[in-house]
Structure formats: C-alpha cells, structure tokens
Amino acid sequence: MPAVETTNLTCTEVLMTRVPLIRCITKLIAGAAGAGDKASSGFCKPAVGTALMRINDGSCVPDLQIVVHSSLCPLEQVAAVGACVLVEGVIELVEGRSQQHVVELRVDKVLHIGAVNSDKYSPSNVNPPLELIRDYPQLAARTTAVASTARIRSKLIHATHVFFQTNGFFHVNTPIITTTTPGDRSKMFHVMCLLSKSDDRCITPEVVKTSIKAKVKQIEALKRSESNKEALEAAELDLQRANELARQLEQGGNANFSGDFFQCPAYLSPSHTLHLETYACALSSVYTLSPVFQVESLEPHKHLAERWTINVELAFAELEDAISCAEDCLKSLFSTVSKNCSDEVKLLSVQADTGTNDRIEAVVSSHWQRITYNDAVNTLLQVTDKSFQTKVALGTPLSPEQISYLVDDYHKKPLIISEYPKQLKPFYARLMEDEKTVSAFDIVMPKVGVVACGAQKEESMDKLTTRINELGLPHEPLEWYLDIRRQGTAKHSGFIIDMEQLILLVTGLKDVRDVQPFARTKGNAKC
C-alpha cells in the first residue's frame, strides 16, 4: 500500500514548490486526516514529475520509500492510498535528507498497478480509527494496526505449535460439529438442514424466521410469474417444513430430527475438551488449535460468537501438571511476542496502551501468584474502599470486576486461582476429598482477566455419572464419553487458552473485535 511522504523531508519541501503533484498529494493526505473533510481522489490533469512514496508488503512495520517518475506510469494511480504496485529498481542510500528512511528504491520499471477508486476506498489513510475499519473487514488488513495484529497472531499460532511439538505433544483435529451438550444448550449454535429437491443448505435456528420470510417472498414471486410450477411446489414444501421446525423450537427445542442430515440434534462445538480426552488416553499428550462457538449477545466488545482456543490434554497427569504446562506455554508465547514482534507491539501501544511491552516483560519474568477460590473471596470481602456491582459471596462466580481488582489492584501480578466450588465448573472436573470443591483452575492476567482455565478430569465412573445426574444432563449424548472411563481409564488433566484474550494482552487493544479477522458478533457476520 503506497503512501506519500510529506513530512521531515527537505527534498519534499523543495518539490512542493515545483511539482504540482506533491502539493495535490499533500492536500489529499491533510484532507484525509482532517475531521469532517472529504479527501479528493482525482487529479484534474495528468501529473508530471517525481513522487516519493512509502510502500509496504505486509511482512513488517517499516515501509520502503520508493522514487517514481511520471514517465514510468500515471502517478495519480500509483500514489493513491490502497493501490497495489509491483516495481523494479535500484536500492540506494538516502543522503542529504532526514534519516527516517536509510535506503530507498529508485524505480526503473513498473510491472503492475492495481488502481483504486479513492472516492470509494474506505480506509482513505493507512492508519484509520479501528472503529471505522470494523465496518470494512475485507480491507482491514491493509491498515497498519490490523496488519500488525495479524502478524502477532500468526507468530503466536506458530509458537504454539513449536512449543507443543518440541515437548512431545501430538496435534489432533477435533470436530467442529458435535452432538454432545456438556453445558447450557441455549448458548450453543444448532446445526440443521432444510432439505428439498431443489434446496440443500445448512442453517441454524437463529435464522429460521429470516428463512421463512425469504421463502414467503420467493413464493409470492413464483406465483406472479406463473412459469415454474415445480419450483413453486418445492418452495411451498420448504416453507411448510420451516414453519413446523419453528413451532417445534418454540415449544422447547424438541424438534424431530429423523429427516435431518445427521438424524439427531447437532451443534457447533463450544469446547474441544471431551473429544481431546479420547486421544489423550491413546497418545498421552495432545493438543488442538480450533474454533469454538457460543451464543453470546451481551457486550460484543468482549464476547465473540466464534473464538479460537488452544486445548491441551495430558494423560497420567494431575492438576499441578496441567498448571505447570499452562504456565510454561504462556510464558513461551509471551517471550515469542517480546522477541519477534517488538515493532508491532510498539506501534499498537501508541494507539492502545503505552505500557504493553513492560507488562509483557513483567508477565514473563514475575512469579505468578497462586491462591484458592476461598482466598480470593475472603480478600474481596475485606475490601472497604471500593464497592462491587456484583455481591461477593462464597459459592458464586467471580465477576470480571472482582477479578480485575484482584489481579490489577491487589496482587498486581498474574494469578492462578484454584479449588473452585463444584457448581462453578464443568461436570467432568475431578471432585476433591471434601466433595464440595473440584480440581480446577483459572489463569488471570492484568488488564484482560482470565486467559486460560483447566481441570483434572474425574476418572471415577460413579462420581462422574453422579455429577451428570446432579446437573440434569442427558446420558445418551455422553455415552461415548463415559466409555473413556469404562475402557482402560487413567488420570488425566488439561487446560484451554483463549487466543483472543492472549492477543488482547500482548497488543494492549481493548476490543476483542479488533484482534480477530472477520469477527462474528450478534447481528454481525460480514464477509
């Protein structure tokens, strides 16, 4: 993406007085930066002279300055923000000017120009506000902030694989579509099919009503045309099925799935833990990096419908083994960002949080404080100079506000909170001796909150089935999971790292929608 250099260059100041092009580009950029001004993209006549521009291939933060003469190409095309260019030339040292650029490329040949319409190109400068670029995810990666975040994400993903492969783990591809409901079904995306002779498309219950409206309009159009009776009959049959499905879902979700694709209720997976356990009991140490899905309509700046998680499972391992592995993994990932993404972190810190780099280094070098859930609650109960919106009480979940106080204000370092009441953790968490608490933990980081959670799994068949009954979970969808205990079980533990929370921490960004390409939230699934 080229951008024209207009500051701190003596030669540019000289050129501005002699070459109309530079003045036009200077006004263009100033207009794009000014509040409420609309940048003009056109040149009233072909520009003649030489242009200094910055281009970037997306591999790093620094730009390459290039020098292009109008005899090689139309400068108004190559100089537009967002244009794609492929050029050949000679690298030269920059002498007698500001050392903002040590070298520059003097262009000899222009091989390609992907022109843009500046009037319709939304990110009219290379660093627009993140709030603006969210509406244009197809162009977001061309901006410096989003490109920097994408490189950090890529480095973290690569570092994840390096860490686990180096330590003897095997990567497993777990399913995105599942029939297992380990928790609240109301927060899971259903996967269904409306099938007909002319239509075969997968949908979710959240769009059934929208599908019905679209089908009604299609039927009305077919009736007006009176041209295709078979298409009309197929559309009417689809409408009948959709209405029946909507009625069944409204009555409690007990839809008849005998004619559906999977012939049973299916969901987008909210967790990969259960499936990963099956391979841990065969391959010992396994992990997966996969998306998870959850219906969450509140606070879109904090919750996404689609998130990416690192799931890990270790056979013959207890809770302490999982905690140690999670801590080692996170510190390794933080170190990778500190060593390999310093330019990206520095750039983002200007926009988001100037203390990001210091916080990353502190997380890597500091001792992570270990406390129990009871310790956390007792600390909160003793707070007198602050009131919490959510009541503090034993047996209730710790709110984000309370967690923030513990990690940011009280301990001021990463926390590992363990020994939770059993009602606050999943059914598979191993009961401790008091049979009231479970072997589970959360890892909490400054500024962002919980970035990882884990548990030792219950190996006792009797205790596991008792927990399933206590929570009122259906047995049939979990029969395959219970087989792990029936057939050669062993102690095993695991944890989950939330990739988006991790990226929020290392970038200093505040909105989770800015750290994931094509973020999905309620009412927003563009592209």
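Here the structure is a predicted model, which means the values were calculated and not measured. (Residues numbered from 1 in each chain as written. Predicted model: local features only at pLDDT ≥ 70, side-chain atom pairs only at ≥ 80, totals over all residues. Heavy atoms only, no water.)

Caption draft 1: Summary view of the environment of I177. Locating I177 in the fold gives a position in strand 7 (residues 177-178). Considering only alpha carbons, one finds I177 and F189, twelve residues apart in sequence, at a separation of 9.8 Å. (Helix = DSSP H or I, 4+ residues; strand = E, 2+ residues; numbered from the N terminus.)

Caption draft 2: Examining the packing of helix 10 (residues 319-340) against helix 11 (residues 342-351) more closely. At a closest axis distance of 5 Å, the pairing of helix 10 and helix 11 adopts a crossing angle of 85 degrees. Taken as axis vectors, helix 10 and helix 11 run roughly perpendicular relative to one another. Side by side, helix 10 and helix 11 meet where V337, S338 and N340 of the first sit next to S342, E344 and V345 of the second. The class makeup of the residues in the contact of helix 10 with helix 11 is two nonpolar, three polar and one charged. (Axes fitted to C-alpha atoms, helices over the stretch in contact; angles between N-to-C directions. Parallel < 35°, antiparallel > 145°, perpendicular 65-115°, else oblique. Contact = heavy atoms within 4.5 Å. Nonpolar A, V, L, I, M, F, W, Y, C, P; charged D, E, K, R; others polar.)

Caption draft 3: Here's a closer look at a negative patch on the surface. A contiguous patch of negative charge on the surface is contributed by D375, E419, E433, D434 and E435. Within the secondary structure, E435 is located in the loop between strand 14 (415-421) and strand 15 (437-445). Given the relative accessible area of 44%, E435 is considered partly exposed. (Patch = residues over 30% accessible without salt bridge, like charges linked within 9 Å, V, L, I, M, F, W, Y side chains within 5 Å. Areas by Shrake-Rupley, 256 points an atom, 1.4 Å probe, with all protein chains shown as cover. Salt bridge = Lys/Arg side-chain N within 4 Å of Asp/Glu carboxyl O. Lys, Arg positive; Asp, Glu negative; His and termini not counted. Charge placed at Lys NZ, Arg CZ, Asp CG, Glu CD. Buried < 20%, exposed > 50% of the residue type's maximum accessible area, 1.4 Å probe, protein only.)

Caption draft 4: Spotlight on unusual backbone geometry. Residue K412 is not a glycine yet carries a positive backbone phi of 55 degrees. By secondary structure assignment, the location of K412 is in the loop between helix 14 (400-410) and strand 14. Given a relative accessible area of 61%, K412 falls into the exposed group. Non-glycine residue F518 carries a positive phi angle of around 55 degrees. Here F518 shows up in the segment after helix 17 (499-507). Judged by relative accessible area, F518 falls into the partly exposed class, the value being 39%.

Caption draft 5: How the structure looks around the nonpolar core. Among the nonpolar cores identified, the biggest contains 53 residues, and F164, L330, F334, I443, M445 and F495 are the most heavily contacted of them. The biggest single contributor to this core is helix 10, with ten residues. Core analysis: the second largest hydrophobic core is formed by 17 residues, L380, F388, V407 and L415 among them. (Core = buried A, V, L, I, M, F, W, Y, C linked by side-chain atoms within 4.5 Å.)

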